[in-house]
Amino acid sequence: MQDIRIDSPLRGRLVPLSEVSDPAFASGAMGRGAAIADPEGRVVSPVDGEVTVLFGSKHAIGIHSTDGMDLLIHVGVDTVKLEGKHFTAHVAQGDTIKRGQLLLEFDPEAIRAEGYETTTPVLVTNAADYGKITFTLDDAEISSGGDEPEEAKAGEKAPVDDDIDPNLPKEERVAKLIWKHVGGAGNVRSAEHCATRLRLIVNDKSIIDEKAIENIDGVKGQFFAAAQYQIILGTGFVDKVFEAFVAGTNLVGAVNSKQEAYDQMTLLQKVSRTLGDVFVPIIPVLVATGLFMGLRGAAQSLGIEMSENLVRMSQILTDTAFAFLPALVCWSTMNRFGGTPVIGIVLGLMLVAPQLPNAYAIAAGDAVPLSMEILGIPIPVVGYQGSVLPALVLGIFAARLQKWFKTFVPDIIDLIVTPFLTLFVSMLLGLLIIGPIMHTLEIGIFGAVRTFLELPYGIGGFIVGAVHQVIVVFGVHHVFNALEVQLLASTGVDPFNAIITGAIVAQGGAAVAVAARTHDAKKRALYISSAVPAFLGITEPAIFGINLRFMKPFIYGLVGGACAGGIAGFLHLAGTGMGITVLPGTLLYLDHLAEYTLVNAVGFGVAFGLTFTFFRPEE
């Protein structure tokens, strides 16, 4: 058989496959090769050929070389769960590639910070066609011999399961055999797959016939890891088996996997993630509304005359989303908690029904609440235009209530009875109990927040600017989404956005300074590529890829953020929308460009200056 030598597609430390923590790779079940420990974050092609597999999660890539070799490069262990986060693909499945061409980039520090190993197996998956396989990296080499008795190993797999139609397509036969020996539909809670493996979450692993699954023609191995039963099928083939496996079932692997991750979070992380899931889907509408407000404000500041009809049209663009904000929030909440979204829309609209006194009119003194009594207790009934908490809590309650009704309402009348009961009960509780309580709580909470942000001399902005990126590191920054929405709904502007944009650009400035102080051209290019997203409002690459690694730049970035936030607070700078910051955020400050530019310049300048002056790469 032909012996082959392959240059490593990654820079790092060449180690044997046995050092990979994943038994599928360490055992050689997926093929022969080597692994790269402490990789630098760039994957280049070691051969001329074609990209045969590239997952949406971008963590693994398969290559078929022009001389017939099949390679699998799998970045890290269990990194499929990141769903593409921290990965950038520079090729697509089916592309023709050349030796040395950049295939993938990833952020190893950020991946490790999320709790995943980055040691990268590089395998020849059709190793049986070759003799000695040698991987090289600088002066290091790792070889695996080609004299293993593959035929004898294959011969151990005895024919099984003659009751399964042998004429079925191979992927369908394998899927049916897995269903049979894994314990049937009652034992599988969820199914998903990565580049090489079918991953199942099961109820009882004791009833799985592991030996029978090992003996299925097409299965290369199986094991339990990370609370999953993982069946090794190989690149390309696993896609086909997965489609056949879930066909006709209600298995939704991604949702169940996210639930598994959710269950492992702290309480604060759960609250933050939940608020993010609710408010992120409606942010694009609020961004667009903010842009409309910014354009109108810029036009007015330039002295442009607007006719009455033009003003009315602009008000439709800027006011509609906030007038019906409870409908948006309730819809998204019902969707997040598994209720029927259209019921959420109707409930939200009930909270702002025209028959109710308008909240804005009440605030202006032009209307008074309706008064209703429950057990002799007077209850003020109002509309909830621009409110967040009443719609959020009502959406959660309605979703739970709908699920409860479905447990006993007969299927034949479910379509009629369940929505009726859900709307009726939720409306009564929403207007008479949940709404008044949550609205009172909302007024107190957001009143305190506004008071804090408006502290004299920009003190509130200084504190928020200093700690915001620390909160980002712990992954609970989505908790501020509700705050920003409420600020926009109640005041028409978002001062929080102006404060955090300074904190964001400061981390970018610190990262740029690290790049400027670094003499290694390759590292400098990597640092710059990690810093650029910060100027578009995304700091994770700069934080996890650079600043936190060296710590001092991160601290100097916090100082820059504090200074920028303090100036934003002192100037009472506020955006007309939310969701975009730094360069894209300019569109929210068209009528206050000078102040916005100053805040960003201070954040960048302080962080860059401190880092460039006091940070030494050799440290």
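Data block above holds the structure.
All figures in this text were calculated on a predicted structure; none of them were measured in a lab. Going along each chain's sequence as written, the residues are numbered from 1 onward. Only residues with pLDDT of at least 70 get local features here, since the model is predicted, and only at 80 or more are side-chain atom pairs given and counted; chain-wide, interface and lining totals rely on the full set of residues. With hydrogens and water excluded, all non-hydrogen atoms of the structure serve as input to the side-chain values.

**Side note on the pattern of salt bridges**
Part 1 of the argument: Just to be clear on terms, a salt bridge is a Lys or Arg side-chain nitrogen sitting within 4 Å of an Asp or Glu carboxyl oxygen. Within this structure, the stated rule accounts for 11 salt bridges.
Part 2 of the argument: Between Lys 85 and Glu 114 there is a salt bridge, with the nearest N and O atoms lying 2.9 Å from each other. In this pair, Lys 85 is assigned in the loop between β7 (70–74) and β8 (87–89) and Glu 114 in the loop between α2 (108–113) and β11 (120–124), connecting sequence segments 29 residues apart.
Part 3 of the argument: The buried label goes to any residue with under 20% of its type's maximum accessible area, the exposed label to any with over 50%, and the partly exposed label to all in between, with areas taken from a 1.4 Å probe on protein chains only. When its relative accessible area of 41% is taken as the criterion, Lys 85 is described as partly exposed.
Part 4 of the argument: Salt-bridge contacts for Asp 414 lead to Lys 406; the nearest nitrogen and oxygen are separated by 2.9 Å.
Part 5 of the argument: When its relative accessible area of 41% is taken as the criterion, Lys 406 is described as partly exposed. Strands are runs of DSSP state E lasting at least 2 residues, helices are runs of H or I lasting at least 4, and numbering of each runs from the N terminus.

**Quick word on the sheet that holds strand β13 (residues 140–144)**
Part 1 of the argument: On the basis of which strands lie adjacent, the open sheet formed by 3 strands has the order β1-β12-β13 and mixed pairing. Each of the sheet's edge strands pairs with one partner strand only, and the pair in question is β1 (4–7) and β13. Shown here is a sheet whose adjacent strand axes are inclined to one another by a mean of 20 degrees, direction ignored.
Part 2 of the argument: Should DSSP find at least two bridges between two strands, the strands are taken to pair. Pairing analysis gives 4 bridges linking β1 to strand β12 (residues 133–137), with the strands arranged parallel. Bridge pairing links Ile 4 to Ile 133 in β12. Geometry is summarised by axes, namely lines fitted to C-alpha atoms with helices restricted to the contacting stretch, and by angles between N-to-C directions that run from 0 to 180 degrees.

**Notes on the sheet that holds strand β4 (residues 42–44)**
Part 1 of the argument: As summarised here, the arrangement of the 3 strands in space is β4-β10-β8, forming an open sheet in which the pairing is antiparallel. Each having just a single partner strand, β4 and β8 make up the two edges of the open sheet. For this sheet, the mean angle separating the axes of adjacent strands, direction not counted, is 15 degrees.

**Focus: helix α16 (residues 459–473)**
Part 1 of the argument: Of all the bends in α16, the greatest, near 35 degrees, is centred on Val 467.
Part 2 of the argument: Taken as a whole, α16 has its buried residues at Gly 460, Gly 461, Val 464, Gly 465, His 468, Gln 469 and Val 472.
Part 3 of the argument: Elements that come into contact with the buried residues of α16 comprise α15 (411–453), α17 (480–491), α18 (495–517), α20 (540–550) and α21 (552–570). Bend, in this description, refers to the angle at a residue between axes fitted to the seven residues ending there and the seven starting there. Residue contacts follow a heavy-atom distance rule, with two residues in contact if any of their heavy atoms lie within 4.5 Å.

**Examining the nonpolar core**
Part 1 of the argument: Grouped together as the largest cluster of nonpolar side chains are 55 residues, with contacts concentrated most on Phe 279, Leu 325, Val 329, Val 485 and Phe 496.
Part 2 of the argument: Among the elements that make up this core, the one with the highest residue count is α17 (7 residues).
Part 3 of the argument: Ignoring anything within four residues of it in the chain, the contact list for Phe 496 reads Val 464, His 468, Phe 480, Leu 483, Glu 484 and Leu 487.
Part 4 of the argument: Core analysis: the next-biggest nonpolar cluster, separate from the first, contains 33 residues, Val 43, Leu 54, Ile 61 and Phe 87 among them. Here the nonpolar core consists of buried residues drawn from Ala, Val, Leu, Ile, Met, Phe, Trp, Tyr and Cys, with membership extended through side-chain atoms lying within 4.5 Å.

**Regarding a nonpolar patch on the surface**
Part 1 of the argument: The residues that make up patches have over 30% relative accessible area and no salt bridge, and they are joined within 9 Å when like-charged or within 5 Å when they are Val, Leu, Ile, Met, Phe, Trp or Tyr. Computed by Shrake-Rupley with a 1.4 Å probe, the accessible areas treat only the displayed protein chains as cover when residues are assessed. A surface patch of nonpolar side chains, about 850 Å² in accessible area, is lined by Phe 452, Tyr 457, Ile 459, Phe 462, Ile 463, Val 467, Phe 570, Leu 571 and Leu 598.
Part 2 of the argument: Ranked by residues supplied to the nonpolar patch, first place goes to α16 with 4 residues.
Part 3 of the argument: Looking at the secondary structure, you find Leu 571 in the loop between α21 and α22 (582–585).
Part 4 of the argument: A residue is classified by how much of its surface remains accessible, and Leu 571, at 34% relative accessible area, is partly exposed.

**With respect to the packing of helix α4 (residues 170–182) against helix α6 (residues 237–246)**
Part 1 of the argument: Axis separation between α4 and α6 bottoms out at 8 Å; the angle between their running directions is 60 degrees. Relative to α6, the element α4 is oriented oblique. Between α4 and α6 lies a crossing whose hand is right-handed. Contact with α4, carried on its side by Lys 170, Glu 171, Glu 172, Val 174, Ala 175, Ile 178 and Trp 179, involves Phe 237, Lys 240, Val 241, Ala 244 and Phe 245 of α6 and no other residues of that element.
Part 2 of the argument: The classification used treats Ala, Val, Leu, Ile, Met, Phe, Trp, Tyr, Cys and Pro as nonpolar, Asp, Glu, Lys and Arg as charged, and all other residues, Gly among them, as polar. Here the residues of the contact of α4 with α6 sort into 8 nonpolar, no polar and 4 charged. Here roughly perpendicular refers to angles of 65 to 115 degrees, roughly parallel to angles under 35, roughly antiparallel to angles over 145, and oblique to all remaining angles. In a left-handed crossing the near helix is turned counterclockwise from the far helix by less than a right angle, and in a right-handed crossing that turn is clockwise.

**Side note on the environment of Leu 325**
Part 1 of the argument: Mapped onto the secondary structure, Leu 325 falls in helix α11 (residues 325–336).
Part 2 of the argument: In this structure the C-alpha to C-alpha distance between Leu 325 and Gly 100, which are 225 residues apart in sequence, comes to 52 Å.
Part 3 of the argument: Those residues in contact with Leu 325 that sit more than four places away from it in its chain are Ile 282, Gly 386, Ser 387, Val 388, Val 485 and Ala 489.

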